[in-house]
Amino acid sequence: QVQLVESGGGLVQVGGSLRLSCVVSGRTFSSYAMGWFRQAPGKEREFVAGISWSGTATNYLESVKGRFTISRDNAKNTVYLQMNSLKPEDTALYYCAVARTYNNYFVPRVERECDYWGQGTQVTVSS
């Protein structure tokens, strides 16, 4: 069993910053890529950012490029999402996900590439 627990969400004003964390525990694997997704009310869940096991490959949703940064600390089994210059349209429930892989440079980009999910942490950006 694999558990993912997100934290760091909250209420922030436009232009503010938040740092999300996701800790992976339980039956982890020798290598896994990770991703952040989000779901706003009335919308489908969408990819936000992904990072390879090695940490050297990343990918971002176009609208967050230059504002969000994904990183990971494999020694702590933790992935982070630093979110700066937040906008009202960033308001959503943010989920982290694990993608099992033997490829150190694989980055998940869609939901079907992910195997385990957290419960989500709410981010609300007020204008």
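Preceding this section is the structure that the text describes.
The notes below deal with the structure included here. Note that the coordinates shown come from a computational prediction; the quantities given were computed from them, not determined experimentally. (Residues numbered from 1 in each chain as written. Predicted model: local features only at pLDDT ≥ 70, side-chain atom pairs only at ≥ 80, totals over all residues. Heavy atoms only, no water.)

### A few points about unusual backbone geometry
So the rule is basically this: Each helix is a run of DSSP H or I of at least 4 residues and each strand a run of E of at least 2, with the numbering of both proceeding from the N terminus. A simple rule labels every residue: compare its accessible area, found with a 1.4 Å probe on the protein chains alone, to the largest value its type can have, and call it buried under 20%, exposed over 50%, or partly exposed in between.
In this structure, Asn-77 takes a positive phi of about 50° despite not being glycine. Note that Asn-77 resides in the loop between strand E7 (68-73) and strand E8 (78-83). Relative accessible area serves as the criterion here: at 26%, Asn-77 is assigned to the partly exposed category.

### Considerations on the sheet that holds strand E3 (residues 18-26)
Threshold: If DSSP finds at least two bridges between two strands, the strands pair. To get an axis, a line is fitted to the C-alpha atoms, and for a helix only the part in contact is used. The angle between two axes follows their N-to-C directions and goes from 0 to 180 degrees.
Read from one edge of the open sheet, four strands run E1-E3-E8-E7, paired in antiparallel fashion. Because the sheet does not close on itself, it has two edges, and the strands there are strand E1 (2-7) and E7. The average angle at which neighbouring strand axes cross in this sheet is 15°, direction not considered. Alignment of E3 against E8, held across six bridges, turns out to be antiparallel. If you follow Arg-19 over to E8, its bridge partner there is Gln-82.

### Some remarks on the state of the cysteines
Where we set the bar: Note on terminology: disulfide denotes any pair of cysteine sulfur atoms within 2.5 Å.
Taken as a whole and judged by the stated rule, the model has one disulfide. With its sulfur 1.9 Å from that of its partner, Cys-22 forms a disulfide with Cys-96. Taking the torsion about the S-S bond as the criterion, the Cys-22 to Cys-96 disulfide, at about 45°, is right-handed. Here Cys-96 lies in strand E9 (residues 92-100) and Cys-22 lies in strand E3, a separation of 74 residues in the sequence. We classify Cys-22 as buried; its relative accessible area is 0%. Judged by relative accessible area, Cys-96 falls into the buried class, the value being 0%. With no disulfide of its own, Cys-114 lies closest to Cys-96 among cysteine sulfurs, the gap being 9.7 Å.

### Thoughts on the pattern of salt bridges
Convention followed: We define a salt bridge as a side-chain nitrogen of Lys or Arg found within 4 Å of a carboxyl oxygen belonging to Asp or Glu.
This structure, assessed with the given rule, holds six salt bridges. For the salt bridge of Lys-65 with Glu-62, the shortest nitrogen-to-oxygen distance reads 3.1 Å. Accessibility expressed as a relative area gives 43% for Lys-65, which makes it partly exposed.

### Some words on the side chain of Arg-72
Threshold: Only four residue types enter the tally: Lys and Arg on the positive side, Asp and Glu on the negative side, with His and both chain ends excluded. In protein, a polar contact means a hydrogen-donor-capable atom and an acceptor-capable atom, both N or O and within 3.5 Å, with residues adjacent in sequence counting only if both atoms are side-chain atoms; elsewhere, any N or O pair within 3.5 Å suffices. Any two residues having at least one pair of non-hydrogen atoms within 4.5 Å are treated as being in contact.
One can find Arg-72 in strand E7. The buried charged residue Arg-72 lacks any salt bridge, with Asp-73 as its nearest oppositely charged partner at 8.2 Å. For Arg-72, the side chain forms a polar contact with the main-chain oxygen of Ser-52, separated by 2.9 Å. When residues no more than four places from it in sequence are discounted, the contact partners of Arg-72 are Tyr-32, Ala-33, Met-34, Ile-51, Ser-52, Trp-53, Gly-55, Thr-78, Val-79 and Tyr-80.

### Some remarks on the pairing of E9
For E9, a buried count of seven out of nine residues is recorded, marking the element as mostly surrounded by other parts of the structure. Across eight bridges, strand E4 (residues 32-39) lies against E9 in antiparallel orientation. Each residue of the ladder has a partner; that of Met-34, found in E9, is Val-98. The pairing of E9 with strand E11 (residues 121-126) spans three bridges and is antiparallel. Pairing of Leu-93 across the sheet is with Gln-122, part of E11. Note: E9 against strand E10 (residues 116-117), two bridges, orientation antiparallel. From the neighbouring strand, Val-98 faces E10, where its bridge partner is Tyr-116.

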